[in-house]
Amino acid sequence: MAQLSPLLKQATPVQVARGEGVYLYDHDGRRYLDFTAGIGVTSTGHCHPKVVAAAQQQVATLIHGQYTTVMHQPLLTLTERLSEVLPAGLDSLFYVNSGSEAVEAALRLSRQSTGRQNVVVFQGSFHGRTFGAASLTTSGTKIRAGIGPLVPGVTVAPFPYAYRYGWSEKEAVDFALRELDYLLVTAAPAADIAAFFVEPVLGEGGYVPAPPGFLAGLRERADRHGILLVFDEVQTGFGRTGEFWGHQHFDVEPDILITAKGLASGFPLSAIAASTELMSRGLPGSQGGTYGGNAVACAAAVATLDVILEEGLVENAARTGERLLAGSRRIAADYAAVGDVRGLGLMVASEFVNPDGSPAPEIANRVHRTAADLGLLLLTCGPHGNVVRMIPPLVVDEAQIDQGLELWAKAVSSGLG
Ligand code: PMP
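Residues numbered from 1 in each chain as written. Predicted model: local features only at pLDDT ≥ 70, side-chain atom pairs only at ≥ 80, totals over all residues. Heavy atoms only, no water.

### Points about the nonpolar core
Working step 1: By size, the foremost hydrophobic cluster in this structure holds 121 residues, and its most contacted members are Phe122, Phe196, Phe197, Phe214, Leu218, Phe352 and Trp408.
Working step 2: Those residues in contact with Phe196, other than ones at most four positions away along the chain, are Val120, Phe122, Leu180, Leu218, Arg221, Ala222, Ile227, Leu228, Leu229 and Val230. (Core = buried A, V, L, I, M, F, W, Y, C linked by side-chain atoms within 4.5 Å. Buried < 20%, exposed > 50% of the residue type's maximum accessible area, 1.4 Å probe, protein only. Contact = heavy atoms within 4.5 Å.)

And the structure:
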């Protein structure tokens, strides 16, 4: 009798039967408030009726219109519709299936289009598990352990994680940019660097929003040295942070934008966006895959975009995210073990520490488990696993945020007790 591989590590013991909005239900009908959203994917909530209807209609019309063989309408419609929300300069889109594959696509394009081989990434970043993406990933050694050698030519520069350094955000940004400049004249010749890859908010690496000035500093250096600036918005895109794209908080635009997760409400779909001029410097036919730009996923993505715009979900993420952040801060004020609470929009996290300030993954795990027992599903993150994050679907309302905070307060209190 076949069984699931022990390679699988599951964050909670819950077995779900169905989902609706911000709730998941197990086989006994027990309801869970889902503040994981399938790791930031089910942006429109579980099984939003409009997404379900669009997918059902597409399933009955055409499931797999293989895009390197024949073109299909959902892909064309999605491309046209995405221009409503993309920065004007990024007028060319290429589709694959997952975040990792889109990172690979961006890596290929950056190398092909610049004729340069090397890249700079930022400490604590997560870009995926395929070998190229894993080579860019430093959010935790489990992604790299035992699988090397990885892709060479990757330099890791500091990310301004102010709390970890015990600095102000400004001090952390000054440090990170100074170290980057130093790397560019020591270990990593600027003229050999194809791209900087960066997340506007470190995701798996601990939910650390880029402090003001950091992305602008990267943009300035990228322009100065002919380096491409790639924003990995797999987790921060599609309204998650309270702007349509995470980078819009910082008024800095990328050369290549990577999107996935929230794009199709749970169907596997990802994309890279860049200018047509940049894309035309890549090699036609060198990118793609059998399932890329799947018709059902594209139809679901169009419906996702409709729902986000019609229901004002970006504004909702900003409003409810502020409430979640403020509430989490109020709860943290009673406990020295919650060293930091931070976030942007509906990416909110609490970092647990020991009395000496060292990371406390045991506490984070206890609180996380207790929350699940109480009916609140959360995820941990950070290199030490000592950060508990909340990523509710963007349809969450204020009452549900308050319900989540109430359960969170109980989980923190009994997890620390
Ligand atoms: N980039 C970022 C910023 C991510 O958060 C993730 C997934 N957590 C990925 C890339 C990889 O995406 P996937 O798991 O779909 O390959």
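Having seen the model, we can carry on.
### Some remarks on the site of the ligand
Working step 1: As a matter of local geometry, the ligand sits amid Ser98, Gly99, Ser100, Phe126, His127, Gly128, Glu199, Glu204, Asp232, Val234, Gln235 and Lys261.
Working step 2: Side-chain polar atom of Ser100 to an oxygen atom of the ligand: 2.6 Å apart, as the coordinates give it.
Working step 3: Take Glu204: an N or O atom from its side chain is 3.3 Å from a nitrogen atom of the ligand.
Working step 4: In isolation the ligand has 400 Å² of accessible area, and contact with the protein removes 83% of it.
Working step 5: Of the residues assigned to the shell around the ligand, the class counts are two nonpolar, six polar and four charged. (Near = heavy atom within 4 Å. Polar contact = N/O pair within 3.5 Å; in protein donor to acceptor, adjacent residues only side chain to side chain. Areas by Shrake-Rupley, 256 points an atom, 1.4 Å probe, with all protein chains shown as cover. Nonpolar A, V, L, I, M, F, W, Y, C, P; charged D, E, K, R; others polar.)

### As for the packing of aromatic side chains
Working step 1: For the coordinates displayed, the defined rule picks out 11 aromatic pairs.
Working step 2: Between Trp167 and Phe175 the ring centres are 5.0 Å apart and the planes differ by 70 degrees, which places this aromatic pair in the edge-to-face class.
Working step 3: When its relative accessible area of 35% is taken as the criterion, Trp167 is described as partly exposed.
Working step 4: The exposure class of Phe175 is buried, given its relative accessible area of 19%.
Working step 5: In this structure an aromatic cluster arises from ring pairing among Phe122, Phe159, Phe196 and Phe214.
Working step 6: Directly above the ring of Tyr25 sits Arg18, whose terminal nitrogen or CZ lies 4.1 Å from the centroid.
Working step 7: One Lys or Arg, Arg164, reaches over the ring of Tyr165 and ends 5.0 Å from the middle of that ring. (Phe/Tyr/Trp six-rings, centres within 6.5 Å; stacked < 30°, edge-to-face > 60°. Lys NZ or Arg CZ within 6 Å of the ring centre and 35° of its normal.)

### Here we look at the sheet that holds strand β2 (residues 23-26)
Working step 1: Across the sheet, which stays open at both edges, the four strands sit in the order β1-β2-β3-β15 with mixed pairing between neighbours. Looking at strand neighbours, the two that pair on one side only are β1 (16-20) and β15 (376-377), the edges of this open sheet.
Working step 2: Where β2 meets strand β3 (residues 31-34), three bridges bridge the pair, whose relative direction is antiparallel. Residue pairing for β3: Tyr23 is matched across the bridge by Leu33.
Working step 3: Where helix α13 (residues 398-416) meets the sheet, it contacts β2, β3 and β15, and its direction lies at approximately 100 degrees from that of β3. (Pairing = 2+ DSSP bridges. Helix = DSSP H or I, 4+ residues; strand = E, 2+ residues; numbered from the N terminus. Axes fitted to C-alpha atoms, helices over the stretch in contact; angles between N-to-C directions.)

### Quick notes on helix α7 (residues 169-185)
Working step 1: Under the 1.5 Å per step criterion, the end-to-end length of α7 is 25 Å for 17 residues, consistent within 8% with the ideal 24 Å.
Working step 2: By the burial criterion, the buried members of α7 are Ala172, Val173, Phe175, Ala176, Leu177, Leu180, Leu183 and Leu184.
Working step 3: Contacts from the buried residues of α7 go to β5 (118-122), β6 (154-157), α6 (162-165), β7 (193-198) and α8 (214-225). (Expected span 1.5 Å × (residues − 1).)

### What about the pairing of β1?
Sheet faces and side chains relate simply in a regular strand, where the side chains alternate between the two faces.
Working step 1: Pairing analysis gives four bridges linking β1 to β2, with the strands arranged antiparallel. Across the sheet, Val16 pairs through a bridge with Asp26, a residue of β2.
Working step 2: Hairpin connection between β1 and β2: a loop of two residues separates the two successive antiparallel strands, and Gly21 in this loop has a positive phi of roughly 60 degrees.

### Details of helix α3 (residues 73-82)
Working step 1: For α3, the complete set of buried residues consists of Pro74, Leu75, Leu78, Arg81 and Leu82. Buried residues of α3, viewed axially, fall in a sector of 130 degrees; they line one side.
Working step 2: Elements that come into contact with the buried residues of α3 comprise α2 (49-59), β4 (92-96) and α10 (295-310). (Arc of directions from axis to C-beta.)

### What about the packing of α7 against α8?
Working step 1: Closest axis-to-axis distance for the α7/α8 pair is 10 Å, and the angle between their directions is 20 degrees. The angle between the axes of α7 and α8 places the two elements in the roughly parallel class. Crossing handedness for the pair α7 and α8: right-handed. Along its contact with α7, which presents Val173, Ala176, Leu177, Leu180, Asp181 and Leu184, the element α8 presents Phe214, Gly217, Leu218, Arg221 and His225.
Working step 2: When the residues that make up the contact of α7 with α8 are grouped by side-chain class, the tally is seven nonpolar, two polar and two charged. (Parallel < 35°, antiparallel > 145°, perpendicular 65-115°, else oblique. Left-handed = near helix turned anticlockwise from the far one by under 90°.)

### Let's talk about the packing of helix α12 (residues 361-374) against α13
The packing of two helices is summarised by the inter-axis angle and the distance between the axes.
Working step 1: With their axes 8 Å apart at the nearest point, α12 and α13 run at an angle of 130 degrees to one another. In this view, α12 runs oblique relative to α13, as classed from their interaxial angle. Here the hand of the crossing between α12 and α13 comes out right-handed. For the pair α12 and α13, contact is made by Ile363, Arg366, Val367, Thr370, Ala371 and Leu374 and by Leu407, Trp408, Lys410, Ala411, Val412, Ser414, Gly415 and Leu416, respectively.

### Looking at unusual backbone geometry
Working step 1: Residue Pro149 follows Gly148 across a cis peptide bond; omega there is 0 degrees.
Working step 2: Its location among the elements puts Pro149 in the loop between α5 (131-135) and β6.
Working step 3: Look at Lys261: it is not a glycine, yet its phi comes out positive at around 30 degrees.
Working step 4: Looking at where Lys261 falls in the secondary structure, it is placed in the loop between β11 (256-259) and β12 (270-274).

### As for the sheet that holds β6
Working step 1: What the seven strands build is an open sheet, ordered β4-β12-β11-β10-β7-β5-β6; its pairing is mixed. Two strands close off the open sheet at either side, each with one partner strand: β4 and β6. When strand polarity is set aside, the average angle formed by the axes of neighbouring strands in this sheet is 20 degrees.
Working step 2: Pairing of β5 with β6 involves four bridges; the strand directions are parallel. In the strand pairing of β6, Val120 is matched with Thr155.

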